[in-house]
Each structure stands twice: as structure tokens, then as C-alpha cells.
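Listed below, chain by chain, are the residues.
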Amino acid sequence: MGKVIAVANQKGGVGKTTTCVNLCACLAEAGSRVLLIDIDPQGNATSGLGKTGQGAHTVYDVLLGQAQPAQAIVATGFGALDLMPSAIELAGAEIELVDMERRESLLRQAIAPLAGNYDYILIDCPPSLSLLTLNALTCAQSVLIPIQCEYYALEGVGQLMNTIRLMRKRLNPSLEVEGIVLTMYDARTNLCAQVVQEVRRHFSKEAFETMIPRNVRLSEAPSYGVPIHMYDARCSGTQAYRSLAKELAERNRGK
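Quick caveat: nothing in here was measured; it's all calculated off a predicted structure. (Residues numbered from 1 in each chain as written. Predicted model: local features only at pLDDT ≥ 70, side-chain atom pairs only at ≥ 80, totals over all residues. Heavy atoms only, no water.)

**Considerations on helix H1 (residues 16–29)**
Given 3.6 residues per helical turn, the α-helix brings residues three or four places apart onto the same face.
Then comes step 1: With 14 residues, H1 should reach 20 Å at 1.5 Å per residue; the first-to-last C-alpha distance of 20 Å fits that figure.
Then comes step 2: Counting buried positions over the 14 residues of H1 gives twelve, a clear majority of the element.
Then comes step 3: Of all the residues in H1, the buried ones are Lys-16, Thr-17, Thr-19, Cys-20, Val-21, Asn-22, Leu-23, Cys-24, Ala-25, Cys-26, Leu-27 and Ala-28.
Then comes step 4: Trailing H1 by a residue or two, Gly-31 shows a phi angle of about 110°, which is positive. (Helix = DSSP H or I, 4+ residues; strand = E, 2+ residues; numbered from the N terminus. Expected span 1.5 Å × (residues − 1). Buried < 20%, exposed > 50% of the residue type's maximum accessible area, 1.4 Å probe, protein only.)

**Details of the state of the cysteines**
Then comes step 1: Under the defined criterion, the tally for this structure stands at zero disulfides.
Then comes step 2: Unpaired in terms of disulfides, Cys-24 finds its nearest cysteine sulfur in Cys-20, a separation of 4.5 Å.
Then comes step 3: No disulfide involves Cys-235; its nearest neighbouring cysteine sulfur is the one of Cys-26, lying 9.7 Å away.
Then comes step 4: Residue Cys-235 is classed as buried on the basis of its relative accessible area, which comes to 7%. (Disulfide = S-S within 2.5 Å.)

**Observations regarding helix H8 (residues 190–202)**
Then comes step 1: Across its 13 residues, H8 extends 19 Å between first and last C-alpha, which sits within 8% of the 18 Å expected from 1.5 Å per residue.
Then comes step 2: Turning to H8, its buried residues number three or more, namely Cys-192, Val-195, Val-196 and Val-199. In an axial view of H8, the angular spread of the buried residues amounts to 100°, which keeps them on one side of the axis. Exposed and facing more than 90 degrees away from the buried side of H8 are Asn-190, Gln-197 and Arg-201.
Then comes step 3: Against strand S6 (142–148), helix H7 (153–170), strand S7 (176–185) and strand S8 (207–213) lie the buried residues of H8. (Arc of directions from axis to C-beta. Contact = heavy atoms within 4.5 Å.)

**A closer look at the sheet that holds strand S2 (residues 34–38)**
Then comes step 1: With mixed pairing, eight strands are arranged side by side in an open sheet as S3-S4-S2-S5-S1-S6-S7-S8. Across the chains shown, the open sheet's two edge strands, defined by having one partner strand only, are strand S3 (74–75) and S8.
Then comes step 2: Together, strand S1 (3–7), strand S5 (120–124) and S6 form the strand contacts of helix H6 (residues 131–139), whose direction differs from that of S1 by roughly 150°.
Then comes step 3: Running at roughly 170° to S7, H8 makes contact with S6, S7 and S8 of the sheet. (Pairing = 2+ DSSP bridges. Axes fitted to C-alpha atoms, helices over the stretch in contact; angles between N-to-C directions.)

**Focus on the pattern of salt bridges**
Then comes step 1: Taken as a whole, this structure holds ten salt bridges when the rule is applied.
Then comes step 2: With a closest N to O distance of 2.7 Å, Glu-178 and Lys-3 form a salt bridge. Here Lys-3 lies in strand S1 and Glu-178 lies in strand S7, a separation of 175 residues in the sequence.
Then comes step 3: By relative accessible area, Glu-178 is classed as buried at 6%. (Salt bridge = Lys/Arg side-chain N within 4 Å of Asp/Glu carboxyl O.)

**Examining the nonpolar core**
Then comes step 1: Membership of the largest hydrophobic core comes to 52 residues, with the highest contact counts inside it found for Leu-63, Ile-111 and Ile-123.
Then comes step 2: Examining the composition of this core, we find that six residues originate from one element, H7, more than from any other.
Then comes step 3: Here Ile-111 is in contact with Val-4, Ile-37, Ile-121 and Cys-139, once residues within four sequence places are set aside.
Then comes step 4: Among the nonpolar cores identified, the runner-up in size contains 35 residues, and Ala-25, Leu-81, Phe-208 and Leu-218 belong to it. (Core = buried A, V, L, I, M, F, W, Y, C linked by side-chain atoms within 4.5 Å.)

**Notes on the pairing of S1**
Regular strands have side chains that alternate between both faces of the sheet.
Then comes step 1: Buried residues dominate S1, accounting for five of its five residues.
Then comes step 2: Of the two faces of S1, both are covered, the one formed by Lys-3, Ile-5 and Val-7 as well as the one formed by Val-4 and Ala-6.
Then comes step 3: Where S1 meets S5, five bridges bridge the pair, whose relative direction is parallel. Paired with Val-4 across the strands is Ile-121, a residue of S5.
Then comes step 4: As paired strands, S1 and S6 are joined by three bridges and run parallel to one another.

**Some thoughts on unusual backbone geometry**
Then comes step 1: A positive phi angle, close to 55°, is found at Met-184, a residue other than glycine.
Then comes step 2: Tracing the backbone shows Met-184 in strand S7.

Below, the structure written as C-alpha cells:
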């Protein structure tokens, strides 16, 4: 059965989508069967894999019951990585979903039949605590939290940890923290070093050893619609995400 992981942070600009896309791609490169579900109305994970406007159906259609999940899945061409793309209609989906029964569980019900087809299912969440994010957290087994190495990082993590505690009480008792990934790390600055030290002090078990460096190639790859290892196989960003994929797989080995 595939493990469902929500990639989430209520704060924007922390490398959430970059992490989701490239971690999925590196897991697939290593031989895992992976599905990326883009539930962010901005659709950056979809465009980052070169699939904007492709496919007859999207996650929006799945949530509203207008399409079966299998109808919305497209192959990316990057190993065994599939995508359930986003759509701009998701921006107004919360109004449409608000009167639906068990609206927080629509995604969980929809993707349940897919779990046996994949080793990992990763969900790229919007940078807010919206009904779409609640759907992702309700169906996920764990949450992967990317945080930027900057001053307000710990405050944002604290807020998200509180959200996860509330989710356990009300909607998903088995929800766990998969781990915290430090992104945009710059070894030249004292601030980055201080943030890393504080995160590892407060979240020693949750923090991944792998840190994602600031790397211009990571910023360039999405404009070409390819993950980082296909854009520049030797850059520091590629090596970091390959290392993160390996670390994630090791954490889940035997589970």
C-alpha cells in the first residue's frame, strides 16, 4: 500500500512545491512508483512537470465527483511518476464544496482505490489552512514540512504543529509528522546556521539530515517543465533531493 504524504506549510515561499516536485521525481528515479497530487489552485507543481493544460480531467473534477481518480492521472514521462494535475477552478472550489457532506474527506474517499498502485502518494498543498489543505491532511498518513532557513521559520512550524494536533483530535487521529526539511540553506550566513541549530534543537527527531541549498538551477528548472535531476544532473540541488529521497525511503523501510 502506498504511503500518502501531504507536503504542507501555511507560510508561502518556503520551497514547498519545489520540494514536492523534486522529491517525487527523485523517488521515481530510484525505482519507486509515485503519484503527485497537485491540490494547489496555483498549479505550480503541474506546470513544473510540464503538464499545464494537458489531460481531460483534474483533481477539481475528482473532488466534485465529476471524474474517477484514474481518469485524472497523467504520466509525466519522468520514470514511474504520475500526476493528478491542478486546475484554476480549484480557486473557487471551496465555495462549491462547503455544502457537501463530509467535505473534508472527499480526497481521502477519492484516492483510496489508488493506494495499491503506488509506493508513495505526495500531495502538494496550498500555502494556507484552507478546505483543500484540510482534505489533504485528512487523507494523509503523514505531513512533510519544508521550512526556509530564515527568521520566522520556527514560528511557522509551531503554527503548523498546532494544526496537526487539531487534525488528530477532529479528523485524522493517525496523522504523523513525516519530517521537517530545511530549504534555501546558505552556509555563508550566520542566520542560516542559527535557524538550523534551533530547528534541530526543538525538532531533533523530525528534522531530516539533508538540507536543500540555495541553488539557481532549482529556480530555473520549473520554467522548462522538468524536475531538477533532468535539468542539471550534477548541480547541488539534484544531489540534495536525491539524498532527501534516499533518507525518506530509509525512514519508511519496513513500515
